[in-house]
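# Coordinates in review
Read off the chains here:
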Amino acid sequence: MSEPFSVLSREVAETERIAATVAAHLRAGDILLLTGDLACGKTAFVKGLAAALGSTDTVTSPTYALVHNYRTDRCDVMHIDAYRVESVREFTDLGLDEYFPECIVAIEWGDKVAGLFDDHLRIAFHLADAHEQHRLLSFDCSGERWGAEMTQLEAELGVQRGADCGGVDGESPAGH
Ligand SMILES: Nc1ncnc2c1ncn2[C@@H]1O[C@H](COP(=O)(O)OP(=O)(O)O)[C@@H](O)[C@H]1O
Ligand SMILES: [Mg+2]
């Protein structure tokens, strides 16, 4: 089993670079759950992801439309925002699952529907204390699909762990 890990992003471009590293691992049928408060960088991450996959489509938050689709060189990216979805039932009633096997699926506020996906990569976005533009991206996963690949991702992202990334899950760095 792979351990959760966190990576620090110091600016939007860095979030996009992290997304590009993740993108290299993605294939049709993959489910990416993006969680974290407003303005933490979930949509910025999807922007980097789609661009890295060769998309020239404009990536914007699907808060009202609920779903946007972007064409890429690999397969479509289905960008879902579950912010306004009030129940798992409401989500499943949208009938999007029919398209999941042929798309890379990125779901903002994905915690709301995590129970639907045995296999998923989850990235939780946090504001980091240190600087207005700092974001901490915490990775974990569920299911066999991501086990080994998480370890690879961790290595590629040059990870900072534990005490190095103070502020994760409410923990403050020593001395605060
Ligand atoms: N390191 C960073 N990563 C991502 N976004 C950042 C970062 N630093 C500042 N920002 C800003 O934070 C905002 C993130 O917005 P957005 O991606 O729409 O968040 P969310 O989808 O989580 O609501 C943008 O205005 C972006 O410019
Ligand atoms: Mg968003």
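Computed from a predicted model, the values in this text were never measured in an experiment. All residue numbers refer to position in the chain's written sequence, counted from 1. Chains and ligands are labelled sequentially in the order written, the chains with letters from A and the ligands with numbers from 1. Where totals are concerned, whole chains, interfaces and linings use all residues; where local detail is concerned, this predicted model gives features only for residues with pLDDT of at least 70, and gives and counts side-chain atom pairs only at 80 or more.

### A closer look at the overall build of the protein
The helix and strand tally for the protein stands at 4 helices and 7 strands. The buried share of the protein, taken over its 176 residues, is 39%. Pairs at least 24 apart in sequence give 67% of the contacts found in the protein among residues at least 6 apart. Secondary structure elements follow DSSP: runs of H or I of four or more residues count as helices, runs of E of two or more count as strands, with numbering from the N terminus. Neighbour density around each residue's C-beta defines its exposure: 20 or more other C-beta atoms within 10 Å make it buried, 12 or fewer make it exposed, and counts between make it partly exposed, where C-beta atoms are placed from the backbone. It is the C-beta atoms, placed from the backbone, that decide contacts: two residues are in contact if theirs lie within 7 Å.

### Observations regarding the site of ligand 1
Surrounding ligand 1, one finds 18 residues, the nearest of these being Thr15, Gly41, Lys42, Thr43 and Ala44. Broken down by secondary-structure element, the contributors of at least two residues to the shell around ligand 1 are helix 1 (12-23) and helix 2 (42-52). Residue type decides the class: Asp, Glu, Lys and Arg count as charged, Ala, Val, Leu, Ile, Met, Phe, Trp, Tyr, Cys and Pro as nonpolar, and the leftover types, Gly among them, as polar. A class-by-class count of the residues in the shell around ligand 1 yields 6 nonpolar, 7 polar and 5 charged. To decide whether a residue is near a molecule or strand, its C-beta atom is placed from the backbone and checked for lying within 6 Å of it.

### Structural notes on the confidence of the model for the protein
Residue-level confidence of the predictor, termed pLDDT, takes values from 0 up to 100. With 89% of its residues at a pLDDT of 70 or more, the protein shows a mean pLDDT of 90. In the predicted structure, residues 162-176 sits below a pLDDT of 50 and forms 17 contacts with residues beyond four places in sequence or in another chain.

### Some words on the pairing of strand 5 (residues 103-108)
Where burial is concerned, most of strand 5 is hidden: 6 out of the 6 residues are buried. The alternating pattern of strand 5 places Cys103, Val105 and Ile107 on one face and Ile104, Ala106 and Glu108 on the opposite face, and all of these are buried. Any two strands with at least two DSSP bridges between them are considered paired. Where strand 2 (residues 31-35) meets strand 5, 4 bridges bridge the pair, whose relative direction is parallel. When the sheet's bridge partners are listed, Ile31 is paired in strand 5 with Val105. With 6 bridges connecting them, strand 4 (residues 76-81) and strand 5 associate as parallel partners.

### A few points about helix 2
Of all 11 residues in helix 2, 10 are buried; the element is thus mostly enclosed. Looking only at helix 2, the buried set comprises Lys42, Thr43, Ala44, Phe45, Val46, Lys47, Gly48, Leu49, Ala50 and Ala52. Where the residues of helix 2 are buried, they touch helix 1, strand 2, strand 3 (67-70), strand 4, strand 5 and strand 6 (120-127). Looking one or two residues past helix 2, Gly54 carries a phi angle of roughly 90°, positive in sign.

### What to know about the pairing of strand 3
Taken together, the 4 bridges between strand 3 and strand 4 define a ladder with antiparallel strand orientation. Across the sheet, the residue bridging to His68 is His79, located in strand 4. Once strand 3 ends, the chain turns through 5 residues before running back antiparallel as strand 4.

### With respect to the sheet that holds strand 3
In spatial order, the strands read 1-7-6-2-5-4-3; together these 7 strands make up an open sheet with mixed pairing. With one partner strand each, in any of the chains shown, strand 1 (5-9) and strand 3 form the two edges of the open sheet. Strand-to-strand twist in this sheet, taken as the mean axis angle between neighbours without regard to direction, amounts to 20°. This element, helix 1, spans strand 1 and strand 7 (135-142) of the sheet and lies at about 140° to strand 1. Comment: axis = line fitted to C-alpha atoms, over the contacting stretch for helices; angle = value between 0 and 180 degrees taken between N-to-C directions.

### A word on the nonpolar core
In terms of nonpolar packing, the biggest core is built from 45 residues, with Leu32, Leu49, Val77, Val105, Ala106 and Ile107 touching the most fellow members. Those residues in contact with Leu32 that lie beyond four places of it in its chain are Val105, Ala106, Ile107, Leu121 and Ile123. In plain words, the nonpolar core is the set of buried Ala, Val, Leu, Ile, Met, Phe, Trp, Tyr and Cys residues that C-beta atoms within 7 Å link up.

### Observations regarding the packing of helix 1 against helix 2
Where helix 1 contacts helix 2, the two axes come as close as 7 Å, and the packing angle between them is 50°. The pairing of helix 1 with helix 2 is recorded here as oblique in orientation. Between helix 1 and helix 2 the crossing geometry is right-handed. Taken together, the residues of helix 2 that come into contact with helix 1 (itself represented by Val12, Thr15, Glu16, Arg17, Ala19, Ala20, Val22 and Ala23) are Ala44, Phe45, Lys47, Gly48, Leu49 and Ala52. Classifying every residue of the contact of helix 1 with helix 2 by side-chain character gives 9 nonpolar, 2 polar and 3 charged. Oblique is the label for any angle not covered by the other classes, which are roughly parallel (under 35 degrees), roughly antiparallel (over 145) and roughly perpendicular (65 to 115). It is the rotation of the near helix from the far one that decides the hand of a crossing: anticlockwise by less than a right angle makes it left-handed, clockwise makes it right-handed.

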